[in-house]
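# Observations on the three-dimensional arrangement
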Amino acid sequence: MKQVFTRPESLKDVQTHFCPGCHHGSIHRLVAEAMDEFDIRSKTIGVASVGCSVFLYGYFDIDVIEAPHGRAPAVATGAKRSRDDRIVFTYQGDGDLAAIGTSEIIHAANRGEDITVIFVNNTTYGMTGGQMAPTTMVGQKTSTSPYGRNQAKDGYPIRMAELLAQLEGVAFSARVAVNSPKNVMQAKKMIKTAFRYQVEGRGFSFIEALAACPTNWGMKPLAANERVGSEMIPYFPLGVYRNTANL
Amino acid sequence: MSEKLFVKGNEAVAMAAIEAGCRYYFGYPITPQSDIPEYLSRELPPLGGEFIQAESEIGAINMLLGASATGVRAMTSSSGPGISLKQEGISYMAGSELPGVIVDIMRAGPGLGGIDASQADYFQATRGGGHGGYRIIVLAPASVQEMYDLTMLAFDLSDLYRIPAMVLADSVIGQMKESLTAHPRPQTALPAKEWAVRGREAGEPQNVVKSLYLGDGEMEAFHWKMHARYQELAEKENRWEEVQTEDAKLVVTAFGSTARIAKTAIAMAREAGMKVGLLRPITLFPFPRQAYEAISRNCKNFLTIELSTGQMVEDVRLSVARDAEVSFYGRPPGAGSLPTPEELFEQIKKRY
C-alpha cells in the first residue's frame, strides 16, 4: 500500500494538548512541512512566545528560544544577527504580537530583519482565559468585554497583515486561514513562500493565520470553524498584502 | 597590546567588550552612557560584528537575550530609566540561565531625574531588579582602568556561572578620562556552551532556552539550583579593596566614584594622625561579607558613604560583627552634590 500522508519530520511524535477544534495543530503542521520541504530543520531556530504558542518546543523537533510576552521579534533579531546562516522564525498570538509587542514587530519588520513571523490570530487571549484582544471583533463578547467589544471605548480590531505591508523592510505579508481544505492548501503555499523568502535572504516575511479558539469562544469545534469563515474572513480578508517579488 | 591610553570610562567599557570577544551590541541612547553605543557602532561592523540601535531598551535587552541564547558574547548598556525597562528581559535571562553583560551608568532618579552621578540604583542592581527572586553578578568599577578590567571580568563570570552580569558605575566614572593600560583578555578556561540554541544536526539533542517550569516541583528545584549557584559565587568570586585597614579604628566604606573621594579624605585623616582605613567592595553581588566580618573583628566603627540616602549601608550592617557600629553619610544626586574630601574628612572626625 502506498503511504500518502505522514507526519512531517520536523514535528515530534507526541499527543496534542491543544483543545479540540483549535487550529494551532494545523498551522504547526504547515510550518513543519515548509521546513521539511526546504530541508532546513537542522538549521532552524524557533522563537516561542507566551500563551498557547509557548509549547513550540514540545511539538517542533528543533532548537527553540522562549521569548518574553511580545518580544519574540527582538529575540529573533538577536538570534538571526548572531547566527545569520540560520533560519529563524517566531510564532506569536494576537495578544502577544498586536498588543504588548506592537513596538517589537513593527521595528523588526521595518529593519527588514531576515526572519519569518507566524502570527496566529484567534481574536482572543487564549491561555489566560479568553480576554479581549486587539483583534477581537466589534460586538464580540469576551471575559473582559462582557457586553461585547465597543469600538467607541475599545477601538477597532487591528489588521496586522495590512499594517505591516506598508513598511519598506517587509518582503512578504499575507493572511491565510485553515478553516477549509482550499484555504489550507492556500495557507501552505503562503507559509512556504514566507520561508523561501528567508532562505533567499529577501527580508522580513509575515504570515497572519486566522484561527479558531472554540474553548474561549464558547463554541463547538465545527461552529468555531464556521465562525472563521462567516465573521473573521469578511473583516480580515485573506490574501497577499505585500510581495516584493511583484514590485 | 599594553599601550598606555587616555580614554573616557565609557570608552574603556566598549574597548574591553571588544577585547573580551563581544561582537554583538544592542542598545538605545541615554545620557550619560551614549559613548558606549557610539563607540561600538563604529568599531563592531569592521570586525564582522553587529550593532543595532534598538527601538527601545526593551527591544535591546531582548535582542541580547536572543543573541546570547545562540552562544555568542553580547552586551547592552543604559542608565537608570533604561535599566528599569530592561528589567523584564533581565528577569527572563536570569530565568533562562543566560549569560550576557549589562552596563548601568547610573544617573539621578527616580523617574527622569537628571544626569548627575548617583548610586541610587544599588538596590535595583543587587536585589535582582525584576520579578521572580533572582540575583545577577554586579561589579562596581572606581576608575577607567577598572571599567576596562571589570567589563572583561563580567563576560567571564557571566559565562562561567550562566548568570547575567552588570557593570554598575555612575556618570563620574563613565564620563571622566584617565590613563588606561589596555591588555588582552586573560585566558580563563570556560565551559563550552553546550546548551546554546544553534540549530541541530540529526541525532543531536534538542536545545531549548526557556524559563517556563510547569511540572511538579520543577520551579522549586530551579530556585534551589540557582540559590546554590549564588552561594558558590559568594564563596569564590567576591572582590574588594582594602586601604590601611590593619590598624584602623574607623573604616570608611564606599563603592565606585565615592570611594575615590573617600580615599583622599582618609589620606587627610592619616596626615592628622587618625587611624582610618577604607574598604571598597568591587563586587556588589556577591557582597564581600567575609571582608566585613574579618575587619569588624578588630575595628568596630564603620562609616558608609553613598551618593544616595543609603542603600549599600544595609548590606554593610548585615555583614559586620554584631557589636560593630555602622553610621551613614549620604549625598543624594543633585547638581554639584558630590561630597568633597574636606566634607568627608569632617564626617570622619565626627565619628572617630
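Below: a short report on this structure. None of the values given here were measured: they were computed from a predicted structure.

### Some words on the overall build of chain B
The helix and strand tally for chain B stands at 12 helices and 16 strands. Here the C-alpha radius of gyration of chain B, 20 Å, is about what a compact globule of 352 residues would show, namely 20 Å. Considering only C-alpha atoms, chain B reaches an extent of 75 × 45 × 40 Å along its principal axes. Contacts spanning at least 24 positions in sequence make up 79% of the contacts within chain B whose residues lie at least 6 apart. Total accessible area on chain B is roughly 13,500 Å²; 51% of this is exposed by carbon and sulfur atoms. In chain B, 35 side chains carry a positive charge and 43 a negative one; their mean positions are 4 Å apart.

### Remarks on the packing of helix α1 (residues 9-19) of chain B against helix α6 (residues 144-161) of chain B
Residues and elements named next belong to chain B. In the contact formed by α1 and α6, the axes pass within 8 Å of each other and the chain directions differ by 35°. In the crossing of α1 with α6, the sense of the turn from one axis to the other is right-handed. On α6, the residues touching G9, N10, A12, V13, M15, A16, A17 and E19 of α1 are V144, M147, Y148, T151, M152 and F155. Considered class by class, the residues forming the contact of α1 with α6 number 10 nonpolar, three polar and one charged.

### Details of the nonpolar core
Side chains that are nonpolar tend, in soluble globular proteins, to be buried together. Judged by nonpolar contacts, the single largest core of 121 residues is most densely connected at F204 and F206 of chain A together with M75 of chain B. Among the elements that make up this core, the one with the highest residue count is α6 of chain B (10 residues). If you look at the next biggest cluster of nonpolar residues, it comprises 37 residues, including I27, Y91, A194 and F195 of chain A.

### A few points about the environment of R149 of chain A
All names here are of chain A. Here R149 lies in the loop between β6 (131-132) and α6 (151-154). The class of R149 is buried, set by a relative accessible area of 5%. Spatially, the C-alpha atom of R149 lies 6.7 Å from that of M137, the residues being 12 residues apart in sequence.

### Description of α6 of chain B
Residues and elements named next belong to chain B. With 18 residues, α6 ought to run about 26 Å at 1.5 Å a step, and its terminal C-alpha atoms sit 26 Å apart, in line with that. Most of α6 sits out of view: 15 of its 18 residues are buried. The positive-phi residue at the C-terminal boundary of α6 is R162, with phi of around 55°.

### A closer look at the sheet that holds strand β1 (residues 44-48) of chain A
Pairing is mixed in the open sheet, where eight strands are placed in the order β9(A)-β7(A)-β8(A)-β4(A)-β3(A)-β1(A)-β2(A)-β10(B). Every other strand in the sheet has two partners, leaving β9 (239-243) of chain A together with β10 (208-209) of chain B as the edge strands with one partner each. In the sheet, strand β4 (residues 116-121) of chain A pairs with strand β8 (residues 204-210) of chain A via six bridges, with the strands oriented parallel. In the sheet register, T116 of chain A faces β8 of chain A, and the bridge partner there is S205 of chain A. Lying over the sheet, helix α10 (residues 221-235) of chain A contacts β4, β7 (170-177) and β8 of chain A, oriented at roughly 130° with respect to β8 of chain A.

### Considering the packing of helix α9 (residues 256-271) of chain B against helix α12 (residues 341-351) of chain B
Residues and elements named next belong to chain B. Interhelical geometry of α9 versus α12 gives an angle of 60° and a closest axis separation of 8 Å. The orientation of α9 with respect to α12, classified from their angle, is oblique. Our pair here, α9 against α12, has a crossing hand that is right-handed. In this structure, α9 uses I261, A262, T264, A265, I266, M268 and A269 to contact α12, whose residues at the interface are P341, E342, L344, F345 and I348. Partitioning the contact of α9 with α12 into residue classes produces 10 nonpolar, one polar and one charged.

Thresholds applied
Residues numbered from 1 in each chain as written. Chains lettered and ligands numbered in written order. Predicted model: local features only at pLDDT ≥ 70, side-chain atom pairs only at ≥ 80, totals over all residues. Heavy atoms only, no water. Helix = DSSP H or I, 4+ residues; strand = E, 2+ residues; numbered from the N terminus. Rg over C-alpha atoms; globule rule 2.2 N^0.38 Å. Contact = heavy atoms within 4.5 Å. Areas by Shrake-Rupley, 256 points an atom, 1.4 Å probe, with all protein chains shown as cover. Lys, Arg positive; Asp, Glu negative; His and termini not counted. Charge placed at Lys NZ, Arg CZ, Asp CG, Glu CD. Axes fitted to C-alpha atoms, helices over the stretch in contact; angles between N-to-C directions. Left-handed = near helix turned anticlockwise from the far one by under 90°. Nonpolar A, V, L, I, M, F, W, Y, C, P; charged D, E, K, R; others polar. Core = buried A, V, L, I, M, F, W, Y, C linked by side-chain atoms within 4.5 Å. Buried < 20%, exposed > 50% of the residue type's maximum accessible area, 1.4 Å probe, protein only. Expected span 1.5 Å × (residues − 1). Pairing = 2+ DSSP bridges. Parallel < 35°, antiparallel > 145°, perpendicular 65-115°, else oblique.

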